[in-house]
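Structural description and commentary
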Amino acid sequence: MSNPLKLTHFLHGGDYNPDQWLDHPEIIDRDFHLFQQAHLNSITLGVFSWAKLEPSEGHYDFSWLDDIFDRAEAQGTHVILATPSGARPRWLAEKYPEVLRVDDHGQRQHFGERHNHCYTSPIYREKVQTINRKSAERYGHRKSLLMWHISNEYGGQCFCDLCQAAFRDWLKTKYHSLDCLNHAYWSSFWSHTYTSWDQVEAPSPLGDQSVTGLNLDWHRFVTDRTIDFFENEIKPLRELTPNIPVTTNFMGGNPPESHVFTDLDYQKFAEHVDIVSWDSYPNWSNDYESTAQLAMKTALMNDEMRSLKHDNYLIMESTPSQVNWHPYNRSKRPGMHEMGSLQQIAHGSDSVMYFQLHQSRGASEMFHGAVITNNLSDQTRAFKDVTTVGHDLQQLTGAVATHRRDARVAIVFDYDNMWALDDSRNYANATKQYWRTIQEHYQYFWEHDIPVDIVKTSDDLTPYTLVIDPMHFLMDQAFAAKLKAYVHQGGHLVGTYITGIVDRNDLAYQGGWLPDLQATYGLTVQETDTLYPHQHNTLKAFDKTYTTKDYSDLLVLDGAEPLGTYERDFYAGTTAISRHPLGQGAAYYLGCRTDTDFLEDFYRSLDRSLKLTPELPLKKKTPTVSIQVRENATAHFYFVINFSHQATTIQLTQPLTDALTHQPADSTQELPAYGVRVFTDSQD
Ligand code: GAL
């Protein structure tokens, strides 16, 4: 079921907890006044409000929320209404301890914190459904209700008896017989053979953590259990409000690595939401990477989120200023709020929303940035920055009905592969770095304004001219066959070291590399040399010498032609990089890890032959300026953002309108530090 969010303007708003201010109606009055002043058009209510909505079991108090709905409606503001399951009231945990999560040592948690409920507990599921039903009955008809925000940032695991039993049921459905399970887990190793289903337990430091197939299944089960809990949550909402879309806020991109969130398979979860939304908190102005480098990683996270449904998405949370939970919480430099906010719109977000609209007065988030801070002023830098972005979004209304330009380049990313690779007892834990490898391959395209999608293995590859499939350690035979067919039909494929080693059960392939991979890349991989962090080899390619690191595959060519050779060690002179023409296309294999200098030269040569860099009506002088295009059949919007503390200029090579001022744009445009410009050929 998919229920599209139909917008006529970008959403600008965020989490609002007036339940903290009910005894100060004058504060709430002023908040609403300030929301208008800052061009906010959406408020997200009810996240963590359960204790105020159901102060004791079965006794509900919606009066305060009614009042907030009335106020929102009086000024035409959307409401995104959250289900409150992300944190429960004390009475619930006291009366029904089974709702509390159990850790992997078998210890039940005390009441406290948030995001720590059992996903299986029938009582919790029932209580959540009941309050969700009450909310839908009460607010389902309100004209301001735009969308359901289900729970908050699902994550984590529970190891209670109920979850263990559910895990066993899940395994029975998957494997049918213990023989199949024993085979999949290769359990005769160390005499771990299961003789009864009751013996199966989730991985734990007190039990098994070395059965990698079990670990992988546990990850998959946790995703399925979380989705099952989510489906339970939304049942009354689908029934009572079938036309209201549902979302839940995903996570990712946090410091220090700007990594994807690893607990849950979002590619699977995304099939269950109507629109993807996520919470984005890059640590701008940190001391270990440039603004442009972090912008590249943040762009990738946005592309990953957009690619989950290959559609526009929402930023559900971001900070108007700084957060309180990064290792160091820097203020945004002047201009950075607009820079980061419009970057999200540029990649396909239809919103800029914040945590939080009004700062909490106490507890752990009292110092987290907010649109309205504790001094209640409209003169803070954050308030003014938010007002600027609100104004921008109003000017950009014409871009709402657009999508990020279709990509001709795709990078494959797979959760099972990430989990299995991270858990593989080989290579080097410090250097595997699957996501960082994806970031390094993405960099060239970001710097050259070439749109990229991040695809899952079930996606259709045929729309892409170039598919990059790095470190695909766990790959099933069907995907190997899909890659071969893709190349045969004219696709261009780049694969790397540590690919095609294990099957879906995390069992090693027998008898050498998968025949379809051999046929695709025109080679076989004999072994992988894992280097220590200070060891290097060198690679001769493109008449240059590059330093290699971490991994060197030893290759035997069978049809492929060498593009680069190792220069050192016992495999000096053998092929490190190869190209294999196959059918209408070609497959490239990168047997070693390099720095981005090689990747830049390598992808430049592919870019030249495949003509990947788009013809844009703007010329930039530096790769630290990014140009992203949103478009539809009649109009293009060019988002030009300077991710640098140094001003620069860009040239327009065709007449365009400045979409933020609606004036004809001069051909030379100044871009100040962290500056943003949006140009359009739209006639509206
Ligand atoms: C998010 C969370 C919010 C708030 C915010 C602070 O992860 O959903 O409730 O805690 O972080 O940055």
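Quick summary incoming for the structure in this document. (Residues numbered from 1 in each chain as written. Predicted model: local features only at pLDDT ≥ 70, side-chain atom pairs only at ≥ 80, totals over all residues. Heavy atoms only, no water.)

As for the overall build of the protein chain
Formally: Counting from the N terminus, the helices are the DSSP runs of H or I reaching at least four residues and the strands are the DSSP runs of E reaching at least two. In this description the radius of gyration comes from C-alpha coordinates, and the expected globular size is given by 2.2 Å times residues to the power 0.38. To sort residues, take the accessible area from a 1.4 Å probe on protein chains only and compare it with the maximum for the residue type: under 20% means buried, over 50% means exposed, and anything in between is partly exposed. In this analysis, two residues are considered to be in contact whenever any of their non-hydrogen atoms come within 4.5 Å of each other. Counted as positive: Lys and Arg. Counted as negative: Asp and Glu, with His and the chain ends omitted from the count. For the purpose of locating charges, the reference atoms are NZ of Lys, CZ of Arg, CG of Asp and CD of Glu.
Looking only at helices and strands, the protein chain has 17 helices and 30 strands in total. By the compact-globule yardstick of 26 Å for 684 residues, the protein chain fits well, its C-alpha radius of gyration being 26 Å. Dimensions along the principal axes, computed over C-alpha positions, put the protein chain at roughly 75 × 75 × 40 Å. Out of the 684 residues belonging to the protein chain, those deemed buried represent 61%. Across the protein chain, contacts joining residues at least 24 apart in sequence account for 74% of those joining residues at least 6 apart. Of the side chains in the protein chain, 58 bear a positive and 88 a negative charge, and the two mean positions are spaced by 2 Å.

A closer look at the packing of aromatic side chains
Stated formally: Pairs were defined over the aromatic rings of Phe, Tyr and Trp, the Trp ring being its six-membered one, requiring ring centres within 6.5 Å. Orientation was assigned from the angle between planes: stacked under 30 degrees, edge-to-face over 60, tilted for the rest.
Taken as a whole and judged by the stated rule, the model has 49 aromatic pairs. Judged by centre distance (5.1 Å) and plane angle (80 degrees), the ring pair of tyrosine 546 and phenylalanine 598 falls under edge-to-face. On the criterion of sequence distance, the pair formed by tyrosine 546 in strand β19 (residues 544-557) and phenylalanine 598 in helix α17 (residues 596-610) is long-range, its members being 52 residues apart. The exposure classification of tyrosine 546 matches that of phenylalanine 598, with both residues buried. For the pair phenylalanine 570 and tyrosine 571, a centre-to-centre distance of 4.9 Å together with 85 degrees between the ring planes defines the contact as edge-to-face.

Here we look at the nonpolar core
Selection criterion: Definition of nonpolar core: a set of buried residues of the types Ala, Val, Leu, Ile, Met, Phe, Trp, Tyr and Cys, connected through side-chain atoms within 4.5 Å.
By size, the foremost hydrophobic cluster in this structure holds 180 residues, and its most contacted members are Ile43, Tyr266, Phe445, Leu466 and Tyr603. Looking at this core element by element, the count peaks at ten residues for helix α8 (residues 212-240). Once residues lying within four places of it in the same chain are set aside, the contact partners of isoleucine 43 are Gly14, Tyr16, Phe32, Phe35, Ile68, Ala72, Thr77, His78, Val79, Ile80 and Leu357. Counting 24 residues, the second largest nonpolar core, distinct from the first, contains Val455, Phe479, Ala480 and Trp513.

Side note on unusual backbone geometry
Only a minority of non-glycine residues have a phi that is not negative, and only a minority of peptide bonds are not trans. Cis geometry is adopted by the peptide bond preceding proline 256, which originates at proline 255 and carries an omega value of 0 degrees. Among the structural elements, proline 256 can be located in the loop between β7 (252-254) and β8 (259-260). With an omega of 15 degrees, the peptide bond between phenylalanine 355 and glutamine 356 qualifies as cis. Here glutamine 356 lies in the loop between β11 (351-354) and α12 (381-395). For serine 258, which is not glycine, the phi dihedral falls at a positive 55 degrees. The backbone phi angle of histidine 310 is positive, close to 50 degrees, even though this residue is not glycine. Secondary-structure assignment places histidine 310 in the loop between α10 (291-309) and β10 (314-317).

A few points about the sheet that holds strand β12 (residues 403-404)
Here is the rule: We call two strands paired when DSSP finds no fewer than two bridges between them. The axes are straight lines fitted to the C-alpha atoms, using for helices just the contacting stretch, and the angles between their N-to-C directions are given from 0 to 180°.
Strand order across the open sheet formed by five strands is β12-β25-β26-β30-β28, with antiparallel pairing between neighbours. Each having just a single partner strand, β12 and β28 (657-658) make up the two edges of the open sheet. Where helix α11 (residues 336-346) meets the sheet, it contacts β12, β25 (625-631), β26 (636-642) and β30 (676-680), and its direction lies at approximately 145 degrees from that of β26.

Topic: the site of the ligand
Formally: Put simply, a residue is near a molecule or strand once any heavy atom of it comes within 4 Å of that molecule or strand. In protein, a polar contact requires one atom able to donate a hydrogen and another able to accept it; more generally it is a pair of N or O atoms within 3.5 Å, and residues adjacent in sequence count only if both atoms are side-chain atoms. Residue-level accessible areas treat just the shown protein chains as cover; the underlying method is Shrake-Rupley with a 1.4 Å probe. Put simply, Ala, Val, Leu, Ile, Met, Phe, Trp, Tyr, Cys and Pro go in the nonpolar bin, Asp, Glu, Lys and Arg in the charged bin, and everything else, Gly too, in the polar bin.
Around the ligand, the neighbouring residues are Phe48, Arg114, Asn152, Glu153, Asp279, Tyr281, Glu317, Trp325, Phe355, Glu365 and His368. Here glutamate 153 contributes a side-chain N or O atom positioned 2.6 Å from an oxygen atom of the ligand. Surface burial for the ligand is 95%, taken as the share of its 310 Å² of free accessible area covered by protein chains. Classifying every residue of the shell around the ligand by side-chain character gives four nonpolar, two polar and five charged.

Thoughts on the packing of helix α1 (residues 25-37) against helix α3 (residues 63-74)
How we decide: An angle below 35 degrees is treated as roughly parallel, one above 145 as roughly antiparallel, one from 65 to 115 as roughly perpendicular, and anything else as oblique. For any pair of crossing helices, the crossing counts as left-handed if the nearer helix is rotated counterclockwise from the farther one by less than a right angle, and right-handed if it is rotated clockwise.
With their axes 11 Å apart at the nearest point, α1 and α3 run at an angle of 30 degrees to one another. With respect to α3, the element α1 is oriented roughly parallel. Crossing handedness for the pair α1 and α3: right-handed. Between α1 and α3, the contacting residues are Pro25, Ile28, Asp29 and Phe32 on the first element and Ile68, Arg71 and Ala72 on the second. For the contact of α1 with α3, the class distribution of residues is five nonpolar, no polar and two charged.

So, the environment of threonine 520
As for its placement among the helices and strands, threonine 520 is situated in helix α16 (residues 515-521). Spatially, the C-alpha atom of threonine 520 lies 10.0 Å from that of glycine 585, the residues being 65 residues apart in sequence. Setting aside residues no more than four positions away along its own chain, threonine 520 makes contact with Ala480, Leu483, Lys484, Val487, Leu493, His580, Leu582 and Ala587. A polar atom in the side chain of threonine 520 sits 2.5 Å from the backbone oxygen of aspartate 516.

A closer look at the pairing of β11
A two-sided burial pattern is seen for β11, the buried positions comprising Ser351 and Met353 on one face and Val352 and Tyr354 on the other. Examined bridge by bridge, strand β1 (residues 11-15) and β11 share four bridges and lie parallel to one another. When the bridges of β11 are listed, glycine 13 appears paired with methionine 353.

Quick word on a nonpolar patch on the surface
Convention followed: Exposure above 30% relative accessible area and the absence of a salt bridge qualify a residue for a patch, where like charges join within 9 Å and nonpolar side chains (Val, Leu, Ile, Met, Phe, Trp, Tyr) within 5 Å. In what follows, salt bridge is the name for a side-chain nitrogen of Lys or Arg lying within 4 Å of a carboxyl oxygen of Asp or Glu.
Residues Trp186, Phe189 and Trp190 make up a contiguous nonpolar surface patch of about 430 Å² in total accessible area. Here tryptophan 190 falls in the exposed class, since its relative accessible area comes to 57%.

Structural notes on the sheet that holds β1
Pairing within the open sheet is parallel, and its six strands lie in the order β5-β4-β3-β2-β1-β11. Edge positions in the open sheet fall to β5 (246-247) and β11, since each of these has one partner strand only. When strand β3 (residues 78-82) meets strand β4 (residues 145-149), the two strands line up parallel, connected through four bridges. Residue pairing for β4: isoleucine 80 is matched across the bridge by methionine 147.

Looking at the pairing of β30
β30 sits mainly inside the fold: four of its five residues count as buried. The pairing of β28 with β30 spans two bridges and is antiparallel. Across the sheet, residue threonine 657 finds its bridge partner in β30, namely threonine 680.

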